[in-house]
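Structure assessment
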Amino acid sequence: MSTPKIDVQVISSGILSDDVLMLGESLMKQCRIPAQQSLALQFGSFRHSVTVVPVPRYEGLRISQTLARRMGIYSGTPLRLLYQATTRTLALGPLIGVLVSRDHPGQPDKPFGDITLFCRELTDACRSQGAYVYFFTPNAIGSSFSSVEGWVYTKGWHKMTLPPPDVVNNRLTTRKLENLPNVQQFMAEIKRRFGAHVFNEKFLDKSEVFDALKRDSGLQRYLPESHALHNYTMLKSMCSRYSTVFLKPVRGSLGKGIIRVSRIGSDNWQASYATVGGTKRQSFGSLVKLFSTLAGKMKTVRYLIQQGLNLIDIGGRPVDYRALTQKNASGKWIITSIVARTAGSQHFVSNLARGGTLSTVRESVAKSNLPVQFRGDASSRLSKAALDIARGIDTHIPAHFGELGIDLALDTGGRVWLLEVNSKPSKNDNTPLKEGKIRPSVRMMIQYARYISGF
């Protein structure tokens, strides 16, 4: 279905009434929009009855000032136009809402802190594709769910009242915000009432991911042995099979709270803790003593215990890979980027926040201790694993995802392993942001939003 991109012109309400639109004649013919008949105008959840007047030798759309204000549209807004003859609906859009954790109204040049530049990039990308984006926080959701206080960028950041969108990209950074009753109600209501789509609608926890993927025989080869750690028996059983195991907080991110447990003698054990300043180590004369030290932490934090892997390294610093997988303009998973992350010199986790460094897959493999015979197809095997896992998450976890950060590793035998799946991949992680530059990952997000909303 054709969805031409048009520019919206706002006309004084004294000249044009609220229930009349003026549209280029050739566009009306192309989209088969009937003239001078009552139609429903739609923009996100906004609905309004209008008639359309054709204008010869004109390519855009003219609407009245009052109507523009009710819709949250300003003059010069580029939008897609979609006419559905069966419902006699003239839809403009897509209207995309990005749900962010917080805003700083007192800093109008940087209302979203360190993700402001990403929000600008998203706005520029939407303008080039004929989509309209606004940014809103949980506090901005009205009690009736019929309007949202959102931020838009047009010669600076402005707050406006806007209709609930066609598509919500959930970029909330904490479970606490995501689980707020008004956020959960809003997402459920706009899906039910307006047929809106919400993607990346929830956080994933590690147990949920590994338990779901275990059910798929095609994915088992990527999964290190993993179990919920409830008691000493589980720790003892895993430590009898592997000389190193990792304890990972089920809901952790950025490498926080990971503990590596290693055998350093017949019955001596060492626990290594990932901290911001580097790795802290503690030795124990028995596994029982080690467990009793951990028992206190386990009262407040749920852990996953996972088989330790013999990962490739560069000069003793472990390497892993972050693949960004996204759904494209036809709803299929693709790889947008894969970067190698090498741990900082005092760390065993590779996050950039902990002094990790980025490189390409090829560079990392060339500098690593991966045997030569496994180097040639390392990149294609990592890509295949990331796509297999993204499709597996889609199949086995009942939630809507449009992008996933998938952390993978290679062992010294060339085998690919899954470390973690992140449903809120950071926008400051993979490449430095440059003013005015639009990254492929941002373009892809809008193409997917257009696909699911029909634009």
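So, how was this worked out
Residues numbered from 1 in each chain as written. Predicted model: local features only at pLDDT ≥ 70, side-chain atom pairs only at ≥ 80, totals over all residues. Heavy atoms only, no water. Helix = DSSP H or I, 4+ residues; strand = E, 2+ residues; numbered from the N terminus. Buried < 20%, exposed > 50% of the residue type's maximum accessible area, 1.4 Å probe, protein only. Contact = heavy atoms within 4.5 Å. Areas by Shrake-Rupley, 256 points an atom, 1.4 Å probe, with all protein chains shown as cover. Pairing = 2+ DSSP bridges. Phe/Tyr/Trp six-rings, centres within 6.5 Å; stacked < 30°, edge-to-face > 60°. Axes fitted to C-alpha atoms, helices over the stretch in contact; angles between N-to-C directions. Parallel < 35°, antiparallel > 145°, perpendicular 65-115°, else oblique. Left-handed = near helix turned anticlockwise from the far one by under 90°. Nonpolar A, V, L, I, M, F, W, Y, C, P; charged D, E, K, R; others polar.

Each helix and strand in the chain was counted, giving 11 helices and 25 strands. Counting across all 455 residues of the chain, residues that qualify as buried make up 55%. Sequence-distant contacts in the chain: of pairs separated by 6 or more residues, those separated by 24 or more amount to 67%. Summed over all atoms, the accessible surface of the chain reaches about 19,800 Å², with 52% contributed by carbon and sulfur.

Once that is clear, we can look at the pairing of strand β25 (residues 416–422). Of all 7 residues making up β25, 6 are buried, and the element is well covered by its neighbours. If you look at the hairpin formed by strand β24 (residues 403–410) and β25, you'll find 5 residues sitting between the two strands, and G414 has a positive phi there, around 85°.

Tallied over the full model, the rule gives 13 aromatic pairs. A centroid spacing of 5.7 Å and a plane angle of 70° characterise the contact between F136 and F186, whose relative ring orientation is edge-to-face. Separated by 50 residues along the polypeptide, F136 in strand β9 (residues 132–136) and F186 in helix α5 (residues 181–194) bring together distant segments of the chain. Like F136, the residue F186 is buried in the burial classification. Taken together, F112, F135, W151, Y153 and W157 form an aromatic cluster joined through their ring pairs.

Across the interface, helix α7 (residues 232–241) lies against helix α8 (residues 287–298) with an axial gap of 10 Å and an inter-helix angle of 130°. Compared by their axis directions, α7 and α8 come out oblique. Seen along the crossing, α7 lies across α8 with a hand that is right-handed. Together, Y232, L235, K236 and C239 of α7 and L287, V288, L290 and F291 of α8 make up the contact between the two elements. Among the residues making up the contact of α7 with α8, the classes are represented as 7 nonpolar, no polar and 1 charged.

If you walk around this closed barrel you meet the 7 strands as β1-β5-β2-β4-β3-β7-β6, and the pairing is mixed. Averaged over all neighbouring strand pairs, the angle between strand axes comes to 40°, with direction disregarded.

What follows concerns the side chain of T116. Here T116 is to be found in helix α3 (residues 116–129). The contact partners of T116, leaving out residues within four places of it in the chain, are D109, K110, P111 and W157.

Bringing the sheet that holds strand β18 (residues 278–284) into the picture now. Ordered by their spatial adjacency, 6 strands build an open sheet running β14-β19-β15-β16-β17-β18, and the pairing between neighbours is antiparallel. Since the sheet does not close on itself, it has two edges, and those belong to β14 (226–229) and β18, each with one partner. Ignoring which end each strand starts from, the neighbouring axes of this sheet average 25° apart. Bridge count between strand β15 (residues 244–249) and strand β19 (residues 303–307): 5 bridges; the pairing is antiparallel. Each residue of the ladder has a partner; that of L247, found in β19, is I305. Contacts from α7 reach β14, β15, β16 (259–263), β17 (269–275) and β19 within the one sheet, and its direction differs from that of β14 by about 150°. Its contacts with the sheet place α8 against β14, β15, β16, β17, β18 and β19, and it is angled at close to 30° to β17.

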